[in-house]
Number of protein chains: 2
Amino acid sequence: MPTAEACAVCEARPFSICAPLSTAELAELDRFSTTLHLPAGATFVHEGDPADHCFNITAGSAKIYKLLPDGRRQVIGFLFTGDFLGTATRGPYGISAEAMTPLSLCRFERTSFRAVLSRLPALEHALLDRTADELEAAREQMLLLGRKAARERVASFLLSLSRRAVRLGRVADPVQLPMGRTDIADYLGLTTETVSRVLTQLRTEGMIRLNGTSEVHLTRRAALESLCEGA
Amino acid sequence: MPTAEACAVCEARPFSICAPLSTAELAELDRFSTTLHLPAGATFVHEGDPADHCFNITAGSAKIYKLLPDGRRQVIGFLFTGDFLGTATRGPYGISAEAMTPLSLCRFERTSFRAVLSRLPALEHALLDRTADELEAAREQMLLLGRKAARERVASFLLSLSRRAVRLGRVADPVQLPMGRTDIADYLGLTTETVSRVLTQLRTEGMIRLNGTSEVHLTRRAALESLCEGA
DNA sequence: CGACAGTTTGAACAATCTCAAGCCGCGTGG
DNA sequence: CCACGCGGCTTGAGATTGTTCAAACTGTCG
């Protein structure tokens, strides 16, 4: 179980909402956290369930999504090391969350987390900033979903993954796709077939190079960038 | 210009982030606010400009949107009395905002607003809750844009407007559309023609009744509700 | 009363989806 | 070590939804 020490050596901390906390504050927060380890494929948040917990991802990647009753699915986002989950609503969870790789996370009881928030203004600040960033990203995605063509969506997606990798201290160029074509399609509002076709097309045009199915080289990044914006 | 008195009689307050503030706190916040009145059509936030201010809408309605270089537009949302604008980024504005009707608003300098936030935890709480709600709404809209058919989008839109009217203390049934077909289309990721066709179709099927171009009766609300979810 | 902006309607078109095969890589078991 | 089988990915052809382009309508405001 977590200890102040666990936080002290936590590799996710520089990327997490707990980054700005002092050692004492960290201990205060840590008192209410539980460490979990989940296998790939585990669904750990169910849309519609009472939102009892919130989570901080310390290792691995996950996806969050919403479903329509007939099974249509919209992937809302992909979560990586340092991402926080559970801010959004005070009622039931608005999304479901599933591990894409083996996943490590800190879990907090929502009620105690909210109480801690009041005691640690730095934490509340960080959470507000983070939530605002997520909102900004969601708006960008609304633009993508509402107004971009398939090619533009895929190009935007590849670049955003690349930028994210950089933020996490990884390389910008060979982009890793930890998710399958179905997840990409459900994230971009397309079908797997269309995603596949567009990738082949971009490859043919020399804008990308595919290494197997889950690694992409962004040759001609500039061209991809102008594609994003509709060139 | 605003005074503590202005806040005391403000009709938007019950719907605003300042609702939970005490009289003293209100005075503290008010010290940094300016009241503005804008004509319909005025653009008061420009995407990409440095985000110097944030705003609280006290009367009227506005729209926020994002543009692609070639002019394609995604309307991100419609703002009404009590809505707050400007949380999102710490860098430049991520959206543009335009008055749809004559608009009254409280304007805050971003830097002083952030300073006041630190002094008024109740305000920061309210803002975090509000931002989380917006995020939840944005995610719902991502589902709509990525996965719903045109009929479903329009039905969802009418119902969400109706629910919003109720929250503002207005009637649920004759829904007012303060925006034109173009704005609706750009909000739903469709064209005006498609919006128009769907509305006619819903009218023909007896699900709605149109009173002129900007008032809609939701006859058979239940049918609309199941349409939203894909029935 | 007339003009104009916004809305509605119509017909042809195009992007993406659907349905259907085939392919590839990989893990398993012989 | 290699053949097999399975899941995910790719490719193809045809169907569909929504778009585009164009014209007619409406009602609002000088």
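Predicted model only: the values in this text are computed from it and were never measured.

Caption draft 1: Expanded view of empty space enclosed by the protein. For the structure shown, the criterion picks out 5 cavities of 30 Å³ or more. Reported here for the largest cavity is a volume of approximately 100 Å³. In terms of lining residues, the largest cavity is bounded by Cys 54, Phe 84, Gly 86, Thr 87, Arg 110, Phe 113, Arg 114, Leu 117 and Leu 127 of chain A together with Leu 128, Asp 129 and Ala 132 of chain B. When contributions to the lining of the largest cavity are tallied by element, the ones reaching two or more residues are helix 3 (110-119) of chain A together with helix 4 (121-147) of chain B.

Caption draft 2: Just the UniProt feature "domain: HTH crp-type" (unreviewed entry) in chain A, in detail. UniProt feature "domain: HTH crp-type" (unreviewed entry): in the numbering of this structure it lies at residues 148-222 of chain A. Summarising residues 148-222 of chain A: 55% helix, 11% strand, and an end-to-end C-alpha distance of 18 Å.

Caption draft 3: Fine view of the pairing of strand 5 (residues 73-79) of chain B. All names here are of chain B. For strand 5, a buried count of 7 out of 7 residues is recorded, marking the element as mostly surrounded by other parts of the structure. As defined by bridge partners, strand 4 (residues 62-67) adjoins strand 5 across 6 bridges and the pair is classed as antiparallel. Looking at strand 5, one finds that Tyr 65 is bridged to Val 75. Here strand 4 folds back onto strand 5 in antiparallel fashion, the turn holding 5 residues, of which Gly 71 has a positive phi close to 100°.

Caption draft 4: Fine view of the packing of aromatic side chains. Tallied over the full model, the rule gives 12 aromatic pairs over all chains. Residues Phe 44 of chain B and Phe 55 of chain B carry aromatic rings whose centres are separated by 5.3 Å and whose planes lie at 80° to one another, so their mutual orientation is edge-to-face. Taken as a pair, Phe 44 of chain B in strand 2 (residues 43-45) and Phe 55 of chain B in strand 3 (residues 53-59) lie far apart in primary sequence, 11 residues in all. Lying over the aromatic face of Tyr 65 of chain A, Arg 73 of chain A brings its terminal NZ or CZ to 5.5 Å of the ring centre.

Caption draft 5: Molecular detail of the nonpolar core. In this structure, Phe 157 of chain A together with Phe 44 and Phe 157 of chain B are the most contacted members of the largest nonpolar core, which totals 108 residues. Not counting the four nearest positions on each side in its chain, Phe 157 of chain A is found in contact with Phe 78, Leu 177, Met 179, Ile 184, Tyr 187 and Leu 188 of chain A. By size, the runner-up hydrophobic cluster in this structure holds 36 residues, among which are Cys 18, Leu 29 and Leu 120 of chain A together with Val 116 of chain B.

Caption draft 6: Region of interest: the protein's contact with DNA strand C. Taken together, the neighbourhood of DNA strand C is formed by 16 residues, with Ala 150, Thr 194 and Arg 197 of chain A together with Arg 181 and Thr 200 of chain B sitting nearest. Atoms of DNA strand C within 4 Å of the protein belong to the sugar or the phosphate in 65% of instances, the rest to bases. At 2.5 Å from a phosphate oxygen of DNA strand C is found a side-chain nitrogen or oxygen belonging to Thr 194 of chain A. The contact in question runs from a phosphate oxygen of DNA strand C to an N or O atom on the side chain of Thr 200 of chain B, over 2.7 Å. Secondary-structure elements contributing two or more residues to the surface near DNA strand C are helix 7 (192-204) of chain A together with helix 7 (192-204) of chain B.

Caption draft 7: Spotlight on the pattern of salt bridges. All names here are of chain A. For the coordinates displayed, the defined rule picks out 34 salt bridges over all chains. The shortest N-O distance in the salt bridge between Arg 151 and Glu 205 comes to 3.1 Å. Within this pair, whereas Arg 151 is found in helix 5 (residues 150-167), its partner Glu 205 is found in the loop between helix 7 and strand 10 (209-210), the two being separated by 54 residues in sequence. The exposure class of Arg 151 is partly exposed, given its relative accessible area of 26%. The class for Glu 205 is partly exposed, based on a relative accessible area of 34%.

Criteria and cut-off values
Residues numbered from 1 in each chain as written. Chains lettered and ligands numbered in written order. Predicted model: local features only at pLDDT ≥ 70, side-chain atom pairs only at ≥ 80, totals over all residues. Heavy atoms only, no water. 1 Å grid on protein atoms, 1.4 Å probe; cavity = no way out; pocket = protein on both sides within 12 Å on 5 of 7 lines; lining within 4 Å. Points joined across faces, edges and corners; volume = space filled by probe spheres on them. Helix = DSSP H or I, 4+ residues; strand = E, 2+ residues; numbered from the N terminus. UniProt positions renumbered as here; feature names shortened; annotations may be inferred. Buried < 20%, exposed > 50% of the residue type's maximum accessible area, 1.4 Å probe, protein only. Pairing = 2+ DSSP bridges. Phe/Tyr/Trp six-rings, centres within 6.5 Å; stacked < 30°, edge-to-face > 60°. Lys NZ or Arg CZ within 6 Å of the ring centre and 35° of its normal. Core = buried A, V, L, I, M, F, W, Y, C linked by side-chain atoms within 4.5 Å. Contact = heavy atoms within 4.5 Å. Near = heavy atom within 4 Å. Polar contact = N/O pair within 3.5 Å; in protein donor to acceptor, adjacent residues only side chain to side chain. Salt bridge = Lys/Arg side-chain N within 4 Å of Asp/Glu carboxyl O.

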